[in-house]
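Listed below, chain by chain, are the residues.
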Amino acid sequence: MRLDKYLADMGAGTRSEIRKSIRKNGAMVGEQMIFDPGVLLDGFPEVIYQGETWQYEPVVWYMMNKPSGVLSASEDRKQRTVLDLIAERKRTDLFPVGRLDKDTEGLLLITNDGEAAHRLLAPKFHVDKTYLVRTGVNAFTEENAASFAEGIRYDKTLTALPAKMRIAPFGDPREALVTIREGKFHQIKKMVAALGGGREVSYLRRVSFGPLSLDSTLAPGEYRRLTGKEIEALLACVQGGAKDKREDLNGRRN
Ligand code: URA
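Residues numbered from 1 in each chain as written. Predicted model: local features only at pLDDT ≥ 70, side-chain atom pairs only at ≥ 80, totals over all residues. Heavy atoms only, no water.

### Remarks on the packing of aromatic side chains
Item 1. This structure, assessed with the given rule, holds three aromatic pairs.
Item 2. A ring pair is formed by F44 and Y56, whose centres lie 4.8 Å apart and whose planes are at 10 degrees; its orientation type is stacked. One end of the pair, F44, is in the loop between β2 (32–34) and β3 (47–49); the other, Y56, is in the loop between β4 (52–54) and β5 (61–66), with twelve residues separating them in the sequence.
Item 3. Looking at F44, the relative accessible area reads 39%, which means it is partly exposed.
Item 4. Judged by its relative accessible area of 8%, Y56 is buried.
Item 5. Of the aromatic side chains, those joined through ring pairs into one cluster are Y6, F44 and Y56.
Item 6. Above the plane of the ring of W54 lies R89, whose end atom (NZ or CZ) is 3.5 Å from the centre.
Item 7. Geometry around F209 places K129 over its ring, the cationic atom sitting 5.7 Å from the centre. (Phe/Tyr/Trp six-rings, centres within 6.5 Å; stacked < 30°, edge-to-face > 60°. Helix = DSSP H or I, 4+ residues; strand = E, 2+ residues; numbered from the N terminus. Buried < 20%, exposed > 50% of the residue type's maximum accessible area, 1.4 Å probe, protein only. Lys NZ or Arg CZ within 6 Å of the ring centre and 35° of its normal.)

In structure tokens form, the structure reads like this:
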């Protein structure tokens, strides 16, 4: 990889700023002072540039507890995005893995690994996502859980894959843990509305994504790097072929 790309990817500046600065002031690569920004590096050596030490990481993963009021996007001209919340020095090619609505909180993965993100979101890999859902007034019922388990029709043309609903996980029947394997636009909100009885989502938080649970030490807006074990577990669920499509969330084959 070229030295200027290495530094630009890591967020040290724009390619042209970096080129200019290296030509003028140089950068230290290993023991050598380099003045050619186009020099090809051998692997990912440590680089000292403008007095700071840079170490390239090909792939990075963060878990964020997304707060309400922030967009799940890489950039937006007007509104704050989840990437604006990452305060540390960061790679320039990060993006959120899928989207949570602006008013949804909870577990959001952020990475620069396009291939893995694509697989994690691909319907054929059936990665489970669990949400804590609260409705305004009417409690959830076992009948509602049965409708979700069947696969509820929630739009003129859309029927959800079978989903799991656990009512009152903390004692309040207006709350439920709902696990889905899809991620269509406003899916949980539409599924809850389709239950009828005036049910509407008043609060939504994603509490797990595949094998990962939201770290309870992260306040809304906080984030941390995934550990090596967490990355391994995440990638393991989308390695190889897709899961057997005929097995639904309730363990039944159809
Ligand atoms: N379903 C929704 O309706 N909204 C989200 O943000 C995520 C799932």
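### Regarding helix α2 (residues 15–25)
Item 1. Inspection of α2 places I18, S21 and I22 among the buried residues, and these make up the whole buried set. Along the long axis of α2, the arc covered by the buried residues comes to 100 degrees, so they all point the same way. Looking at α2, the residues exposed on the side facing more than 90 degrees away from the buried face are K20, R23 and K24.
Item 2. Just downstream of α2 lies G26, where phi reads positive at about 80 degrees. (Arc of directions from axis to C-beta.)

### Quick notes on the site of the ligand
Item 1. Inspection of the region around the ligand gives L100, D101, T104, Y131, H186, Q187, I188, K189 and L204 as its neighbouring residues.
Item 2. I188 places a main-chain nitrogen or oxygen 3.1 Å from a nitrogen atom of the ligand.
Item 3. In this structure, an oxygen atom belonging to the ligand sits 3.0 Å away from a main-chain N or O atom of K189.
Item 4. Protein coverage of the free-state accessible area of the ligand, which is 240 Å², stands at 96%. (Near = heavy atom within 4 Å. Polar contact = N/O pair within 3.5 Å; in protein donor to acceptor, adjacent residues only side chain to side chain. Areas by Shrake-Rupley, 256 points an atom, 1.4 Å probe, with all protein chains shown as cover.)

Keep in mind these values describe shape, not function.
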